[in-house]
Amino acid sequence: MLTEVNWSGNIRYAAHQLVRPSSIDELRTVVSRAKHVKALGSRHSFNRIADTDGVLIPTEALDIPIELDTDRGRVRTGAGIRYGDLGRWLDARGWALSNLASLPHISVGGAISTGTHGSGNSNKSLAAAVAAVEFVTASGDLLRFERGDAEFPGAVVALGALGVLTAVELEVEPAFTVAQTVYEAVPFDDVLAQLDEVTSSAYSVSLFTTFRSPDLVDQVWRKGRPDRATRELPLLAGREASGPRHPLPGVSAKSRTTQGGVAGRWLDRLPHFVLEFTPSNGHELQSEYILPRDRAGEALGAVRALSAQLSPMLQVCEIRTIAGDDLWLSPAYGRDSIGIHFTWILDEPGVAAVLPALEAALAPFGARPHWGKVYSAAADDRMSDLYPHWQQFVELRNRLDPGGAFANDFLGALFR
């Protein structure tokens, strides 16, 4: 039995063997011989989506060189690379990804497979930048799906259910700069009254609140590109933070990316945290629910009504927007969305006790849980109703993994 744990320490993996293949041929052999097998990324998932009782395969050691195609605006890279490392490689050559998540520490493959996102009314999930995916199936075959293929939308946000993701092609654009400014103590009602104006006022906008003062949004982080419109907002005027801020109250700001309106490289501003530092102390759980942006005001009102119940478990809540995409199991599928993210204290029974009420409050808005974070067992029963292409994905999974090599308890609860 291994002693591998996830980043937060709340998951101890059940695998009996961990193998780090360095070549695709070696990977194909390992996968084809394993009864049960799962790929393991940067371990930033808070649930058992990447767990198995068989063989765990971290993919960062696979020898897949980065290849840049400037004519098509694409980069091919191994799925095990971290976004921060890929970003540095691209920026050194004058290129960029259009958006990043709050953590540059996460692996490309893990983020894509779970529908992870950044922020911005016009910015889609990280998976929407994918132009092609390559993975090894249970039989050891190497498959490739490209944008335009009929089943490509099902092969991107695939929950690790189809195979071991080895390489991806991502759309890139010329490198750009970003300036980040933080505002504090913004009245919640003022934000809700013009929520779309706030979230569209810069290239990327994040709202943070602890709900300990339900009438306030504690911090508003705005990330603006000089080549895109950034609008000033009267409700934020005069409230700029006096110094660097961390989203979590009382935590040192040394790990956060540069604020104060100072322009810098895209990879040094789009994430909230810098690659050299652990983004927080790791003693946390996370949940997130993605729902239609046009229901955001109502949904946030429902969450605020639970503030007294949530705040004892809550470190901070982050609110971000995501443009809709066409990927079958993307939480932003088919609709411009808003994500309501909860960073909890590391108290699994306590968090489990508040999730049912939170999910019940968000259910009328068609909220979809983030695939890599904590949600209640009852949410599994609603998934097939939340995703129009659910059955098509089930059929794709059954065809590519008929023996259930990539099955685990997490997927079993979803596809029972």
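Residues numbered from 1 in each chain as written. Predicted model: local features only at pLDDT ≥ 70, side-chain atom pairs only at ≥ 80, totals over all residues. Heavy atoms only, no water.

Identification of the protein chain as Alditol oxidase from Microbacterium deminutum is taken from an unreviewed UniProt entry.

### Some points on helix α2 (residues 83-91)
Residues Tyr83, Gly84, Leu86, Gly87, Leu90 and Asp91 constitute the buried set of α2. Down the axis of α2, the buried side of the element spans an arc of 160°, and every buried residue falls inside it. Contacts from the buried residues of α2 go to β4 (67-69), β5 (74-78), β6 (95-96), α3 (108-114), β9 (164-171) and β14 (263-265). (Buried < 20%, exposed > 50% of the residue type's maximum accessible area, 1.4 Å probe, protein only. Helix = DSSP H or I, 4+ residues; strand = E, 2+ residues; numbered from the N terminus. Arc of directions from axis to C-beta. Contact = heavy atoms within 4.5 Å.)

### A look at the pairing of strand β17 (residues 337-345)
Burial runs high along β17: eight of the nine residues are buried. Sheet analysis places strand β15 (residues 284-292) next to β17, joined by nine bridges and oriented antiparallel. By the bridge assignment for β17, Pro292 is matched with Ser337. Looking at chain direction, strand β16 (residues 314-322) and β17 are connected through eight bridges and run antiparallel. The partner of Val316 across the bridge, within β17, is Thr343. (Pairing = 2+ DSSP bridges.)

### Concerning the side chain of Lys373
Among the secondary structure elements, Lys373 is positioned in the loop between β18 (368-369) and α10 (383-386). Buried Lys373, no salt bridge; nearest opposite-charge side chain is Glu288, N-O distance 5.3 Å. Ignoring sequence-local partners within four residues, the contact set of Lys373 consists of Phe46, Asn47, Gln286, Ser287, Glu288 and His341. (Lys, Arg positive; Asp, Glu negative; His and termini not counted. Salt bridge = Lys/Arg side-chain N within 4 Å of Asp/Glu carboxyl O.)

### Regarding the environment of Gly118
Within the secondary structure, Gly118 sits in the loop between α3 and β7 (130-136). Spatially, the C-alpha atom of Gly118 lies 9.7 Å from that of Gly339, the residues being 221 residues apart in sequence. Look past the residues within four positions of Gly118 in its chain and what remains in contact with it is Asn99, Leu100, Ala101, Leu126, Arg320, Thr321 and Ile322.

### Some thoughts on the nonpolar core
Counting 102 residues, the largest nonpolar core has Phe342, Trp344, Leu358, Leu362, Trp371 and Leu414 as its most contacted members. Apart from the residues within four sequence positions on either side, Phe342 is in contact with Leu285, Gln286, Ser287, Tyr289, Val303, Leu310, Leu314, Val316, Cys317 and Leu358. (Core = buried A, V, L, I, M, F, W, Y, C linked by side-chain atoms within 4.5 Å.)

### Overview of the sheet that holds strand β1 (residues 17-18)
Read across the sheet, three strands follow the order β1-β3-β2 without closing on themselves; strand pairing throughout is parallel. Two strands lie at the open edges of the sheet, namely β1 and β2 (37-40), each paired on one side alone. Direction of pairing for β2 relative to strand β3 (residues 55-58): parallel, over a ladder of four bridges. When the sheet's bridge partners are listed, Leu40 is paired in β3 with Pro58.

### Quick notes on the pairing of strand β12 (residues 204-209)
Within β12, six of the six residues are buried, which leaves it mostly tucked inside the rest of the structure. Burial along β12 is two-sided: Ser204, Ser206 and Phe208 and Val205, Leu207 and Thr209, pointing in opposite directions, are all buried. Here β12 runs beside strand β13 (residues 216-224); their pairing, made up of five bridges, is antiparallel. Counterpart to Ser204 in the pairing with β13 is Lys223. The loop that links β12 with its antiparallel partner β13 comprises six residues; one of these, Phe211, has a positive phi angle of about 65°. Relative to β16, β12 runs antiparallel, the two sharing four bridges. Pairing of Ser206 across the sheet is with Arg320, part of β16.

### Notes on the environment of Phe410
Here Phe410 is to be found in helix α12 (residues 409-414). Separated by 151 residues in sequence, Phe410 and Gln259 place their C-alpha atoms 39 Å apart. In this view, Phe410 contacts Asn47, Arg48, Ile49, Trp371 and Tyr375; residues no more than four positions away in its chain are not counted.

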